[in-house]
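Here is what each chain is made of, one letter per residue.
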Amino acid sequence: MPRKKEFDVGEVLHKAMETFWNRGYEATSLNDLLKCMRIQRASLYNAFGDKRTLFLDSLRRCESVIRQPDMAKRLKMPSPRQALLSLFDDTITVVVEHGTRNGCFLINTALELSPHDEEVAEFIRKALTRMEQQFFRKLIEKGRANGEIDKSVIPTQTARALLSLFIGLLVFARSRPEKLLLQSIAKQAEFLIPPGDRAAHSLGPPHLVATG
């Protein structure tokens, strides 16, 4: 009979994800992974393969358990415009008030590995395209339809601009976590989606979430 696993795969993968997120791919050694995951070397190889495969699995986990659920929650908010702006505001709050400086796992990886790893670059391209089309553009279209966002806003172009601003925010959140700088980026996002005739009132402070 096959030997019963002595650890929860999802739990130890999450620990590996956090280590890669904080340190990056190259700076994370196998010993770092074994220490944080609290498993033996043979168990790591048997369950996940090599370090690169484990890293790709960590990226997928971040997308599936952090980024996509967060986007889905915001998409259900009653106010599309507030859902868009809360993404920027929540990120700033996490950085400024909680001192979180690990940035976004996806963007950190894009800067480190995308130039010379085609598989990673393709994964990130698809993830960012989903965010542009299924989050930013969808919320802009909903906001225009219900009158919260001005009809002059062009969904496709504005979605790309908002994505670019958000990526910039994430980069500065790690390299220059200055409140006024980050707030200036959020203000530019607000200018891109001027309120329409039926702008929604604030529904209270948004929930804080981790940004992947």
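Residues numbered from 1 in each chain as written. Predicted model: local features only at pLDDT ≥ 70, side-chain atom pairs only at ≥ 80, totals over all residues. Heavy atoms only, no water.

> Explain the confidence of the model for the protein chain here, please?
Interpretation of the predicted coordinates at a detailed level should be avoided for regions scoring low in pLDDT. When pLDDT is averaged along the protein chain, the result is 91, and 91% of the positions lie at 70 or above. Confidence drops under pLDDT 50 across residues 200-210; counting only partners more than four residues distant or on other chains, this segment forms 16 contacts. (pLDDT = per-residue confidence, 0-100. Contact = heavy atoms within 4.5 Å.)

> What should I look at first to understand the packing of helix α5 (residues 80-98) against helix α7 (residues 118-146) in this one?
Packed helix pairs are specified by the crossing angle of their axes together with the interaxial distance, meaning the distance between the axes. With their axes 7 Å apart at the nearest point, α5 and α7 run at an angle of 140 degrees to one another. It follows from the interaxial angle that α5 and α7 lie oblique. Residue-level inspection shows Pro80, Ala83, Leu84, Leu87 and Phe88 of α5 in contact with α7, the latter providing Met131, Phe135, Phe136, Leu139, Ile140, Lys142, Gly143 and Asn146. Looking at the contact of α5 with α7 residue by residue, the classes come out as 10 nonpolar, 2 polar and 1 charged. (Axes fitted to C-alpha atoms, helices over the stretch in contact; angles between N-to-C directions. Helix = DSSP H or I, 4+ residues; strand = E, 2+ residues; numbered from the N terminus. Parallel < 35°, antiparallel > 145°, perpendicular 65-115°, else oblique. Nonpolar A, V, L, I, M, F, W, Y, C, P; charged D, E, K, R; others polar.)

> Mind showing me how you'd approach the packing of aromatic side chains here?
The geometry of two aromatic rings is summed up by the distance between their centres and the angle between their planes. Under the criterion given, the structure shown has 7 aromatic pairs. A ring pair is formed by Tyr25 and Phe55, whose centres lie 5.0 Å apart and whose planes are at 70 degrees; its orientation type is edge-to-face. Taken together, the residues span a long stretch of sequence, with Tyr25 in the loop between α1 (9-23) and α2 (30-37) and Phe55 in helix α4 (residues 51-75) at a distance of 30 residues. Here Tyr25 and Phe55 have matching classes, each one buried. The interplanar angle of 85 degrees and the centroid separation of 5.6 Å between the aromatic rings of Phe55 and Phe105 together place this pair among those described as edge-to-face. You can see Phe55 sitting in helix α4 and its partner Phe105 sitting in helix α6 (residues 105-113), a full 50 residues away along the chain. The class for Phe55 is buried, based on a relative accessible area of 1%. (Phe/Tyr/Trp six-rings, centres within 6.5 Å; stacked < 30°, edge-to-face > 60°. Buried < 20%, exposed > 50% of the residue type's maximum accessible area, 1.4 Å probe, protein only.)

> Hey, could you run me through the pattern of salt bridges in this one?
Side-chain pairs of opposite charge can arise where the charged atoms are in close proximity. Inspection of the entire model under this criterion finds 15 salt bridges. With its nearest N and O atoms 2.7 Å apart, the salt bridge here joins Glu63 to Arg67. Placement of both Glu63 and Arg67 in helix α4 is noted, with a separation of 4 residues, approximately one turn of the helix. Neither residue differs from the other here; Glu63 and Arg67 are each classed as buried. (Salt bridge = Lys/Arg side-chain N within 4 Å of Asp/Glu carboxyl O.)

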